[in-house]
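Chain and residue survey
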Amino acid sequence: MKKKVVIGMSGGVDSSVAAYLLKEQGYDVIGVTMQIWQEDKEFEEREGGCCSLSAVDDARRVANKLGIPFYVLNFRDSFKRNVIDYFVDEYVNGRTPNPCIACNKHLKFDELLRKAHGIGADYVATGHYAKIEKENDRYVLRRSDDGRKDQTYALYNMTQYQLEHTLMPCGVYTKDKIREIAKKIGLDVHNKKDSEEICFIPDNDHGKYILNSVPNKVKQGNFVDKNGNVLGKHKGIVYYTIGQRKGLGLSMGRPVFVTDINPMTNEVVIGPEEDIFKTDLICKNINLISIEKLNGEMTVEAKIRYSAKPAKAIITTLKDGKIKVSFKEKQRAITKGQSVVFYKDELVVGGGVIETIL
């Protein structure tokens with residue numbers, strides 16, 4: 001009997017080809033698009049985003065072309081609670097979140113997996129560029145063969161159970177090869193652009209989005225230097241992130257950057273670029289993949305954001321279960337709310353959310 005797999009289809013080329021590859025491998029494939037858009041006409045009707053109605057139409061056409069059943073499942077409330085509300089709350093509290101990590105953690109590999117099991121499926125699948133393998137008694141997450149497109153950073157929260165029941169067929173291909181396959185089998189999405197913006201913010205203006213969502217929580221305040229001297233007025237801390245230089249509206253006669261954000265005083269701290277280079281941080285909400293437990297310390301390569309280059313660091317478990325990360329060289333703009341992910345060669349060791357910058 002064929003193994004049954006539910007694949008999350010975004011309407012993009014990666015998930016479309018992933019569905020094709022799984023069918024070719026002999027799986028009984030069911031295509032699913034997660035309905036996550038809110039009551040927003042502009043959002044529903046915009047072109048190209050991974051969550052818009054046009055994306056649903058693209059996914060449905062691909063499913064028809066491949067000859068697989070296709071369904072749209074309602075994840076709207078969960079997305080609002082676990083991704084949008086979290087995103088807004090983090091910014092209001094002076095942190096910079098990663099909504100894609102939250103979506104992967106709470107929706108794709110939690111709720112979608114439960115729904116898949118509910119209809120008798122053995123696996124969920126996605127078009128992520130990553131590889132899941134089993135080594136000894138543990139499932140591991142390994143960097144994809146296309147280093148430029150590797151998405152393991154956003155997947156570090158996956159549990160052993162989730163890894164056991166997830167398939168990611170794109171991980172052994174390059175992006176160019178995936179597009180080539182899509183064109184060869186006649187998929188119209190073969191040249192569709194990748195979605196790079198935050199899917200629920202059509203114009204990519206997160207500050208305006210948060211202002212519209214919680215207008216009573218976005219207030220003007222002071223730009224200050226590290227000694228507390230007032231330098232000017234800001235329009236609300238949600239508009240700023242560590243390392244930001246553009247859009248400050250300050251005339252200082254020299255380049256200045258956001259070095260800290262204080263939600264208690266509603267202040268944005270400004271300083272020279274050297275003030276945003278740090279070596280140490282503490283992270284919370286730890287998830288480990290390649291090891292069950294971190295005993296003592298370990299030398300790894302760590303990434304402090306999706307686009308960062310991995311850098312050598314030592315990770316050490318603290319008494320409260322959090323992990324201290326000490327980089328060999330200073331890192332630019334370590335940011336609270338972002339995730340730090342640890343690698344050992346090609347394997348994802350694990351990661352956590354940056355809580356404190358030392």
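Quantities reported herein were computed from a predicted structural model and do not represent experimental measurements.

About the criteria used
Residues numbered from 1 in each chain as written. Predicted model: local features only at pLDDT ≥ 70, side-chain atom pairs only at ≥ 80, totals over all residues. Heavy atoms only, no water. Helix = DSSP H or I, 4+ residues; strand = E, 2+ residues; numbered from the N terminus. Expected span 1.5 Å × (residues − 1). Bend = angle between axes of the 7 residues up to and from the residue. Buried < 20%, exposed > 50% of the residue type's maximum accessible area, 1.4 Å probe, protein only. Contact = heavy atoms within 4.5 Å. UniProt positions renumbered as here; feature names shortened; annotations may be inferred. Polar contact = N/O pair within 3.5 Å; in protein donor to acceptor, adjacent residues only side chain to side chain. Pairing = 2+ DSSP bridges. Phe/Tyr/Trp six-rings, centres within 6.5 Å; stacked < 30°, edge-to-face > 60°. Lys NZ or Arg CZ within 6 Å of the ring centre and 35° of its normal.

A few words now on helix H4 (residues 76-92). Given a rise of 1.5 Å per residue, 17 residues ought to cover 24 Å, and the 22 Å separating the end C-alpha atoms of H4 matches this to within 8%. Of all the bends found along H4, the most pronounced is centred on aspartate 85 and spans about 30°. Where H4 is concerned, the buried positions are Arg76, Ser78, Phe79, Asn82, Val83, Ile84, Phe87, Val88, Glu90, Tyr91 and Val92. Those residues of H4 that are buried are in contact with strand S2 (28-35), strand S3 (70-74), helix H5 (99-118) and helix H8 (206-213).

Turning our attention to the UniProt feature "active site" (unreviewed entry) in the protein. When the UniProt feature table is mapped onto this chain, "active site" (unreviewed entry) is found at Cys103 and Cys199. The largest pairwise C-alpha distance within this set of annotated residues, which runs over 97 residues, is 10.8 Å, so the set is compact in three dimensions. Looking at the secondary structure, you find cysteine 103 in helix H5. Excluding its chain neighbours within four sequence positions, the residues that come into contact with cysteine 103 are Phe79, Val83 and Lys108. With respect to the helices, strands and loops of the structure, cysteine 199 is situated in the loop between helix H7 (175-184) and H8. By relative accessible area, which is 13% here, cysteine 199 ends up buried.

Relative to the helices and strands, threonine 126 is located in the loop between strand S4 (123-125) and strand S5 (130-135). Residue class for threonine 126 comes out buried when judged on its relative accessible area of 6%. Separated by 2.8 Å, the side chains of threonine 126 and histidine 128 make a polar contact. The residues touching threonine 126, leaving out its near neighbours within four places in the chain, are Ile7, Ala18, Phe109, Leu167, Met168 and Pro169.

Per the UniProt entry, the sites bearing "binding site: ATP" (unreviewed entry) are Gly8, Met9, Ser10, Gly11, Gly12, Val13, Asp14, Ser15, Met34 and Gly127 in this numbering. Here the side chain of serine 10 touches glycine 12 through a polar contact of 3.3 Å, landing on its backbone nitrogen. Its location among the elements puts methionine 34 in strand S2. The class of methionine 34 is buried, set by a relative accessible area of 13%.

Spatially, S3-S2-S1-S4-S7 is the arrangement adopted by the five strands of the open sheet, whose pairing is parallel. Where the open sheet ends on each side, the last strands, each with one partner, are S3 and strand S7 (166-167). Strand direction decides the pairing type here: S2 and S3, joined by five bridges, are parallel. Bridge pairing in S3 links methionine 34 to leucine 73.

The subject of this paragraph is the environment of lysine 131. By the secondary structure assignment, lysine 131 is in strand S5. The sequence separation of lysine 131 and serine 144 amounts to 13 residues, and the corresponding C-alpha distance is 5.7 Å. Setting aside chain neighbours within four positions, we find lysine 131 in contact with Val140, Leu141, Arg142, Arg143, Ser144, Asp145, Gly171 and Val172. Within the local environment of lysine 131, its side chain forms a polar contact with the side chain of aspartate 145, the two groups lying 2.7 Å apart.

The description of an aromatic ring pair uses the distance of the two centres, along with the angle that the planes make with each other. Applying the stated criterion across every chain yields a total of seven aromatic pairs. For the pair phenylalanine 79 and phenylalanine 200, a centre-to-centre distance of 5.8 Å together with 80° between the ring planes defines the contact as edge-to-face. Taken as a pair, phenylalanine 79 in helix H4 and phenylalanine 200 in the loop between H7 and H8 lie far apart in primary sequence, 121 residues in all. The residues phenylalanine 79 and phenylalanine 200 share a single accessibility class, namely buried. Relative to phenylalanine 200, the ring of phenylalanine 87 has its centre 5.2 Å away and its plane inclined at 90°; by these criteria the two rings are edge-to-face. Of this pair, phenylalanine 87 sits in helix H4 while phenylalanine 200 sits in the loop between H7 and H8; the two residues are 113 residues apart in sequence, bridging distant segments of the chain. Of the two residues examined, phenylalanine 87 and phenylalanine 200, each falls in the buried class. Of note, lysine 115 hangs over the ring of phenylalanine 75, and the distance from its end group to the ring centre comes to 5.4 Å. A cation over a ring is seen here: lysine 303 above tyrosine 306, with NZ or CZ 5.7 Å from the ring centre.

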